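# Structural characterization, general
What follows is each chain in one-letter form.
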Amino acid sequence: TYDEIDKKVTLFAEKIIFQLKNRDLSSCRIMIHASASIESTISMLSCVKLGIHFSVIFEDLASEAILKRITLFKPDIFFSRFTRKIFDKKILKKKLKNKPKFLFFNELRYPNYKKNINIENRSINGNKEMFTLFTSGSTGEPKGITHASAGYFIYTKYTCKNQFGMSRKTIMLTASDAGWLNGHTYALFGPLSFGATAVLIEKPMMLIDDTFLKKILKLKITILYLPVTLIRLMKIIFKKSKFQTKYLNTLGSMGEHIAPSVAEWFAKS
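If you're wondering where the values come from, they're calculated on a predicted model, not measured in any experiment. (Residues numbered from 1 in each chain as written. Predicted model: local features only at pLDDT ≥ 70, side-chain atom pairs only at ≥ 80, totals over all residues. Heavy atoms only, no water.)

Moving on, we get to the nonpolar core. By size, the foremost hydrophobic cluster in this structure holds 32 residues, and its most contacted members are Ile 16, Ile 32, Ile 52, Phe 54 and Phe 79. Secondary structure elements with two or more residues in this core: α1 (2–20), β1 (29–33), α2 (38–50), β2 (53–57), β3 (77–80), β5 (129–134) and α6 (181–194). Looking at this core, the element that brings in the most residues is α1, giving six residues. Counting residues in hydrophobic clusters, the runner-up holds 19 residues, among them Ile 171, Ala 175, Ile 201 and Ile 221. (Core = buried A, V, L, I, M, F, W, Y, C linked by side-chain atoms within 4.5 Å. Buried < 20%, exposed > 50% of the residue type's maximum accessible area, 1.4 Å probe, protein only. Helix = DSSP H or I, 4+ residues; strand = E, 2+ residues; numbered from the N terminus.)

Structure follows, in structure tokens:
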């Protein structure tokens, strides 16, 4: 629920403050290494609550790609869903000029405070840098695209309403990792801004499982937003299956252009 998320975000924000000690939060940076998960959700929302510039990176990046993004973004804290043992082999033994504090979600504990930390929702300048997302780097150096809070939330709210028809009654499933813009906008910030329900998919490939498609019906999804690659796979595997539901209002595809035959199958199935 929204109340549960709020409590978890506040507790996680306390952990961030504890790690950064008495530093000016507005000048700090945090990098998040997690998929479309509860960990990425809470850590992203905690950064927004504190006004900390953050960057989420794709969970399946190679170690060299992770190191490159750390060097470019220069985070003060790096949160990861990997265990320390796995991460140590890939990253921690590497030499970094500006080495961040590496923290692992499975190791985090709530510190015992001698005094209560007052974490209130604060006003943020609309032009303040909110987050940076890096391009894939497949055609050269990864490029960091930075989004300011006001501009980002305006187009998020606008596209959610006008492109997807989102409302408070919406139940939206966006099969995008949090390391991509769709995972920020349509799996998290967009639905939350409407008071809607977001369904997170950690591994989108699960959608080609017949039992999971039945769960889409059970969850009464109203907006389904999938990568074209995944839709093509579903068309091959479930060519004769029908998954029509009275609840589904909007279908969307992301990534490359969708072939007319695939789009027709997606719309009619």
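Now that the structure has been shown, we can carry on.
Okay, unusual backbone geometry next. The phi dihedral of Lys 74 falls on the positive side, at around 55°, and the residue is not glycine. With respect to the helices and strands, the residue Lys 74 is situated in the loop between α3 (63–73) and β3. By relative accessible area, Lys 74 is classed as partly exposed at 46%. Phi is positive for Lys 220, close to 60°, though the residue is something other than glycine. Tracing the backbone through its elements, the reader meets Lys 220 in the loop between α7 (210–218) and β9 (223–227).

Listed as buried for helix α8 (residues 228–237) are Val 228, Leu 230, Ile 231 and Met 234. Taken end-on, α8 shows its buried residues confined to a sector of 155°, consistent with a single buried face. Where the residues of α8 are buried, they touch α7, β9, β10 (250–254) and α9 (260–268). (Arc of directions from axis to C-beta. Contact = heavy atoms within 4.5 Å.)

If you trace the backbone, Ala 178 turns up in the loop between β7 (171–174) and α6. You can call Ala 178 buried: its relative accessible area is 3%. For the pair formed by Ala 178 and Leu 200, sequence separation is 22 residues and the distance between their alpha carbons is 9.7 Å.

Within the element layout of this structure, Ser 269 appears in the segment after α9. Ser 269 sits in the buried class, given a relative accessible area of 14%. Considered as a pair, Ser 269 and Phe 131 are 138 residues apart in the sequence and their alpha carbons are 37 Å apart.

With that settled, the discussion passes to the packing of α2 against α6. Two elements in contact, α2 and α6, have axes separated by 12 Å at closest approach and are oriented at 60°. Considering their axes alone, α2 and α6 lie oblique with respect to each other. Of the two elements, α2 crosses α6, and the hand of that crossing is right-handed. Taking contact as the criterion, the partners of Thr 41, Met 44, Leu 45 and Val 48 in α2 are, on α6, His 184, Leu 188, Phe 189 and Leu 192. Its residues placed into classes, the contact of α2 with α6 shows six nonpolar, two polar and no charged. (Axes fitted to C-alpha atoms, helices over the stretch in contact; angles between N-to-C directions. Parallel < 35°, antiparallel > 145°, perpendicular 65-115°, else oblique. Left-handed = near helix turned anticlockwise from the far one by under 90°. Nonpolar A, V, L, I, M, F, W, Y, C, P; charged D, E, K, R; others polar.)

Right, let's get into the sheet that holds β9. The four strands are arranged β8-β7-β9-β10 in an open sheet whose pairing can be described as parallel. In the strand order of this sheet, the two ends are held by β8 (197–200) and β10, each with one partner. In this sheet, adjacent strand axes meet at a mean angle of 15° when their direction is disregarded. Both β7 and β8 contribute to a ladder of four bridges, which runs parallel. Within β8, the residue paired with Met 172 across the bridge is Ala 198. (Pairing = 2+ DSSP bridges.)

Once that is clear, we can look at the side chain of Thr 250. In this structure, Thr 250 sits in strand β10. Residue classification places Thr 250 among the buried residues on the basis of a relative accessible area of 16%. A polar side-chain atom of Thr 250 sits 3.1 Å from the main-chain carbonyl oxygen of Phe 164. (Polar contact = N/O pair within 3.5 Å; in protein donor to acceptor, adjacent residues only side chain to side chain.)

What follows deals with the confidence of the model for the protein chain. For the protein chain, per-residue confidence averages 87 on the pLDDT scale, and 93% of positions sit at 70 or higher. Averaged pLDDT values over the elements of the protein chain bottom out at 72 in helix α4 (residues 84–92) and peak at 97 in β2. Of the regions scoring below 50 in pLDDT, residues 111–115 engages in five contacts with residues more than four places distant in sequence or in other chains. (pLDDT = per-residue confidence, 0-100.)

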